[in-house]
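So you can see what is in the structure, the chains are spelled out below.
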Amino acid sequence: MDDRFVQHSRVSDAAQIIANENKFVIESYCFRSQTTSDSKIVKIGSIQSSIDSSATASVDEVRKGVFEKVEKIIEAAAVENVNVLCLPEMWYMPYPFYTPDGVAWRDFAEDVETGASSELIKKLAAKFKMVIVSPILEKESDMFFNTTLILSTTGNIVGKYRKIHIPPIEQPFLQRGSFDHAIFDTEVGKIGIVICYERHFPMCWMMHGLSQADIVFNPSAEDANSMSERLWFAEGVNAAVSNGFFTVMVNRSGTETFRDGRSFSYFGSSYVASPNGYATPQLSGETEGLLITEIDLDDCRKVKKEFSIHQNVHLDLYINKLSQMKLN
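Residues numbered from 1 in each chain as written. Predicted model: local features only at pLDDT ≥ 70, side-chain atom pairs only at ≥ 80, totals over all residues. Heavy atoms only, no water.

**Remarks on the overall build of the chain**
Thought 1: In terms of helices and strands, the chain carries 7 helices and 15 strands.
Thought 2: In summary, the chain has a C-alpha radius of gyration of 19 Å against a globular reference of 20 Å for 328 residues, a match within 12%.
Thought 3: Counting only C-alpha atoms, the chain reaches 60 × 55 × 40 Å along its principal axes.
Thought 4: A burial count over the chain gives 53% of its 328 residues as buried.
Thought 5: Put simply, 69% of the contacts in the chain that link residues at least 6 apart link residues at least 24 apart.
Thought 6: Within the structure as shown, the chain displays about 14700 Å² of accessible surface, and the carbon and sulfur contribution to it stands at 51%.
Thought 7: Positive and negative side-chain charges of the chain, numbering 32 and 43 respectively, have mean locations separated by a distance of 3 Å. (Helix = DSSP H or I, 4+ residues; strand = E, 2+ residues; numbered from the N terminus. Rg over C-alpha atoms; globule rule 2.2 N^0.38 Å. Buried < 20%, exposed > 50% of the residue type's maximum accessible area, 1.4 Å probe, protein only. Contact = heavy atoms within 4.5 Å. Areas by Shrake-Rupley, 256 points an atom, 1.4 Å probe, with all protein chains shown as cover. Lys, Arg positive; Asp, Glu negative; His and termini not counted. Charge placed at Lys NZ, Arg CZ, Asp CG, Glu CD.)

As structure tokens, this is what we get:
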């Protein structure tokens, strides 16, 4: 961490008490920036959580345990005056597509409006006047989607993003979302979503940059000792610099044990990167926690104005060349 540009912030006693009583960590940082009349200060909360229940626990048992834990973490975020908060990919359930029977995972799927996690997060967003980014396993008719919801400070659903790039392990189960790369206007700025595996596709990030996103969230469930872990830090920082926005990289932690006895571990390492190339320290991969990051959205404008790459993209040349190529 470069102390000249990323500063450790004090956590209040009230928030620390909540963390100690519920066995999670809080780390808080601030990107140091020269404030101007155009400054817009936003506090981001990133929740790094795990699934504690056994592989044979019922859907209700799993949900109950995760809901109680996450509600306490969000309470601590509210004490710290967090404005916008993101949870990991499909945060209220074990990662579903490793179970050998391929049946139980469907019971965790939810309707966007009436699902159990949606109801909880709508209540908490309104209670704490906080924008919340909540990934779910969505069910619509007989189709399933890897979906992220964006909730306003009044608890209303601003919109949803369905994952477009589906990794091979999810393809037998999930439908692909529409190619809209929507940007969501919220009380804290323009938000974009890139779900887990989509992080590997530079043009996915680029579309959000061209749409003038301020913050792009990457809720994930990434396993340890994989190529994804090696690329994790480089991809988030590069996306922030190349596109002129803040990236919020949110992963699970802990180990999940499945019905056939296999275990699956996550590397955590949640962090936030700025458009001028700085990043917070990463949360430990072995802990549950809340990462709080104070940013100035005006840094997006300043970087795009001062860093020459943003004036020399020459998209017209690439569009012309791509139109002439035979693509897969």
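From this point on, the discussion continues.
**As for helix H3 (residues 116-128)**
Thought 1: With 13 residues, H3 ought to run about 18 Å at 1.5 Å a step, and its terminal C-alpha atoms sit 19 Å apart, in line with that.
Thought 2: Listed in full, the buried residues belonging to H3 are Ser 117, Ser 118, Leu 120, Ile 121, Lys 122, Leu 124 and Ala 125.
Thought 3: Taken together, the buried residues of H3 touch helix H2 (59-79), strand E5 (131-140), strand E6 (143-151) and strand E7 (157-162).
Thought 4: One or two steps after H3, the chain reaches Lys 129, where phi turns positive at roughly 50 degrees. (Expected span 1.5 Å × (residues − 1).)

**Focus on the environment of Thr 255**
Thought 1: Checked against the element boundaries, Thr 255 lands in strand E12 (residues 255-257).
Thought 2: Separated by 20 residues in the primary sequence, Thr 255 and Pro 275 place their C-alpha atoms 32 Å from one another.
Thought 3: Discounting residues that sit within four places of it in the chain, Thr 255 has contacts with Ile 51, Ser 263, Phe 264 and Ser 265.
Thought 4: Within polar-contact distance, the side chain of Thr 255 engages the side chain of Ser 265 at 2.8 Å. (Polar contact = N/O pair within 3.5 Å; in protein donor to acceptor, adjacent residues only side chain to side chain.)

**As for helix H6 (residues 298-306)**
Thought 1: Listed as buried for H6 are Asp 298, Asp 299, Cys 300, Lys 302, Val 303 and Lys 304.
Thought 2: On its buried face, H6 sits against helix H4 (202-210), helix H5 (227-243), strand E11 (246-250) and strand E15 (289-296).

**Some words on the side chain of Ser 117**
Thought 1: Its place among the elements puts Ser 117 in helix H3.
Thought 2: By relative accessible area, Ser 117 is classed as buried at 0%.
Thought 3: When neighbours within four sequence positions are excluded, Ser 117 is seen to be in contact with Phe 67, Trp 91, Tyr 92, Glu 110 and Ile 136.

**So, the sheet that holds strand E1 (residues 6-8)**
Thought 1: Read across the open sheet, the 8 strands follow the order E1-E2-E15-E3-E4-E5-E6-E7; overall the sheet is mixed. Two strands in the sheet have a free side with no partner beyond their single neighbour: E1 and E7. Taken over all neighbouring pairs, the strand axes of this sheet differ in orientation by 25 degrees on average, direction set aside.
Thought 2: The pairing of E1 with strand E2 (residues 25-31) spans 3 bridges and is classified as antiparallel. Note on E2: the bridge partner recorded for Val 6 is Phe 31. (Pairing = 2+ DSSP bridges. Axes fitted to C-alpha atoms, helices over the stretch in contact; angles between N-to-C directions.)

**Overview of a nonpolar patch on the surface**
Thought 1: Taken together, Leu 317, Tyr 318, Leu 322, Met 325 and Leu 327 make up a surface patch of nonpolar side chains, about 540 Å² in accessible area.
Thought 2: Tracing the backbone through its elements, the reader meets Leu 317 in helix H7 (residues 315-324).
Thought 3: Take Leu 317: its relative accessible area is 54%, and that puts it in the exposed class. (Patch = residues over 30% accessible without salt bridge, like charges linked within 9 Å, V, L, I, M, F, W, Y side chains within 5 Å. Salt bridge = Lys/Arg side-chain N within 4 Å of Asp/Glu carboxyl O.)

**Observations concerning the sheet that holds strand E14 (residues 271-273)**
Thought 1: Strand order in the open sheet made by the 5 strands is E8-E9-E10-E11-E14, with mixed pairing throughout. Either end of the sheet is taken by a strand with one partner, and the two such strands are strand E8 (184-186) and E14. Averaged over all adjacent pairs, the angle separating strand axes in this sheet is 25 degrees, with direction ignored.
Thought 2: Bridge analysis of E8 against strand E9 (residues 189-193) gives 3 bridges, and the strand direction is antiparallel. Its bridge partner being in E9, Thr 186 is matched across the sheet by Gly 189.

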